[in-house]
Amino acid sequence: MLFGTAACAGDSGAGNGEVAVIGSFYPMSWVAQRVAGSAAEVTTLTKPGAEPHDLELTPRQIVAVSQADLVVYIKGLQPAVDQAVDQHAKDKAVDAAALVRTLPAPGTTAGAGAGAGAGGGDAGAGRDPHLWLDPARLATVAKAVGDRLAARDHGRAATYQANARALAADLHALDGEFEAGLRTCRHKIIVTGHEAFAYLADRYGLTQVSVAGIDPQGEPSPGRLAELTGEIHRTGATTVFTETLVSPKVAQTLAREAGVRTATLDPVEGLAAGSRADYLSIMRQNLRTLRTALECS
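Residues numbered from 1 in each chain as written. Predicted model: local features only at pLDDT ≥ 70, side-chain atom pairs only at ≥ 80, totals over all residues. Heavy atoms only, no water.

**Student:** Describe the packing of aromatic side chains, with residues and values.
**Tutor:** Evaluated as defined, the whole model comprises 3 aromatic pairs. Here F178 and Y204 contribute two aromatic rings whose centre-to-centre distance is 5.2 Å and whose plane-to-plane angle is 25°, an arrangement assigned as stacked. Placement of F178 in helix 5 (residues 157-181) and of Y204 in helix 6 (residues 198-204) is noted, with a sequence separation of 26 residues between them. A single burial state applies to F178 and to Y204, both of which are buried. (Phe/Tyr/Trp six-rings, centres within 6.5 Å; stacked < 30°, edge-to-face > 60°. Helix = DSSP H or I, 4+ residues; strand = E, 2+ residues; numbered from the N terminus. Buried < 20%, exposed > 50% of the residue type's maximum accessible area, 1.4 Å probe, protein only.)

In structure tokens, the structure reads:
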């Protein structure tokens, strides 16, 4: 399903008896739209082409959050959204990070605030928010959105839950494609622009080495670049991955210094304006990119 119908949130609610759902940024809105189908009006707070970490909400968007029937977000990713939910939508929000086992943010210890296992997790400071890059974790979020919509709109409960099951099946199928596609690879190191791919690495037995941290705007020091160049040489990594929505200049500089190529690995944080791709198609392109870079058989 394409996501062209989900506009930026501005109006304060849905009409014609529809349930009003807000996703904080593309992956959450995509899940909500797939689960809701035509039974709800789904909008997103982050405009196409915008970097979601940098989001600042307008007064109109804050009103939309307060009047929505359901808000789907990831606590710890977008501080402005966290604040709006805490102040206006605590009782009608799905925090995806509270539903799955989360990973520590870079620079924190694995034992500090570790997630509670496959059936639940914790969110907030010290946790990596990029959980949507593991399709299996995202399937858990889809089911939870289906349950919450069913509880909110009893008349269409069966439709929401059937849609959630179908989406979860699609995501588990994608998970199987990644498991098979990355099972036998010559390399296991992925050098990325920022630390967005820990969940993908965790799921499929890879190791992520990043230029920047959780925030893609972070500028690495010359010493860090030299350290990364040495690590690329030691590990035999073939590729430095650039990203959509973020300037590739630092990653390109690192690749040039290390004498390796670049390729785009999309963190699926948002779509470019006018794009006809969706989460599934982008992730499959990521798999093809990884198989080439990691020399998988």
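**Student:** I'd love a proper account of the sheet that holds strand 8 (residues 207-210), names of residues and values included.
**Tutor:** Read across the open sheet, the 4 strands follow the order 8-7-9-10; overall the sheet is parallel. A single partner strand is all that each edge strand has here, and the edge strands are strand 8 and strand 10 (261-264). On average, adjacent strands in this sheet sit at an angle of 35° to one another, irrespective of strand direction. Taken together, the 2 bridges between strand 7 (residues 189-192) and strand 9 (residues 239-242) define a ladder with parallel strand orientation. (Pairing = 2+ DSSP bridges. Axes fitted to C-alpha atoms, helices over the stretch in contact; angles between N-to-C directions.)

**Student:** Describe the nonpolar core, naming the residues involved and giving the relevant values.
**Tutor:** Core analysis: the largest hydrophobic core is formed by 62 residues, its most contacted members being L182 and Y279. If you list the elements that add at least two residues to this core, you get strand 1 (19-23), helix 1 (26-36), strand 2 (40-44), strand 3 (70-73), helix 4 (135-152), helix 5, helix 6 and helix 9 (279-293). Not counting residues up to four positions away in its chain, the partners in contact with Y279 are Y26, W30, W132, L133, D134, P135, L138, L171, L174 and V268. In terms of nonpolar packing, the next biggest core, distinct from the first, is built from 15 residues, I22, A68, V81 and A93 among them. (Core = buried A, V, L, I, M, F, W, Y, C linked by side-chain atoms within 4.5 Å. Contact = heavy atoms within 4.5 Å.)

**Student:** Explain the sheet that holds strand 2 to me, using residue names and the numbers behind them.
**Tutor:** If you trace the 4 strands from one edge of the open sheet to the other, you get 2-1-3-4, paired in parallel fashion. At either end of the open sheet lies a strand with only one pairing partner, and these are strand 2 and strand 4 (93-95). Taking the axes of each pair of neighbouring strands and ignoring which way they run, one obtains an average angle of 20° across the sheet. The pairing of strand 3 with strand 4 spans 3 bridges and is parallel.

**Student:** Tell me about helix 3 (residues 79-88), and name the residues and values.
**Tutor:** Among the residues of helix 3, A80, V81, D82, A84 and V85 are the ones counted as buried. As for helix 3, its buried residues are in contact with helix 2 (59-67), strand 3 and strand 4.

**Student:** Tell me about the state of the cysteines, and name the residues and values.
**Tutor:** Under the counting rule described, the total for this entry stands at 1 disulfide. Two residues share a disulfide in this structure: C185 and C296, whose sulfurs sit 2.0 Å from each other. Linking C185 and C296, the disulfide has an S-S dihedral of approximately 95° and is accordingly described as right-handed. Remark: C296 occurs in the segment after helix 9 and C185 occurs in the loop between helix 5 and strand 7; sequence separation between them is 111 residues. Across this residue pair, the class does not change: C185 and C296 are buried. (Disulfide = S-S within 2.5 Å.)

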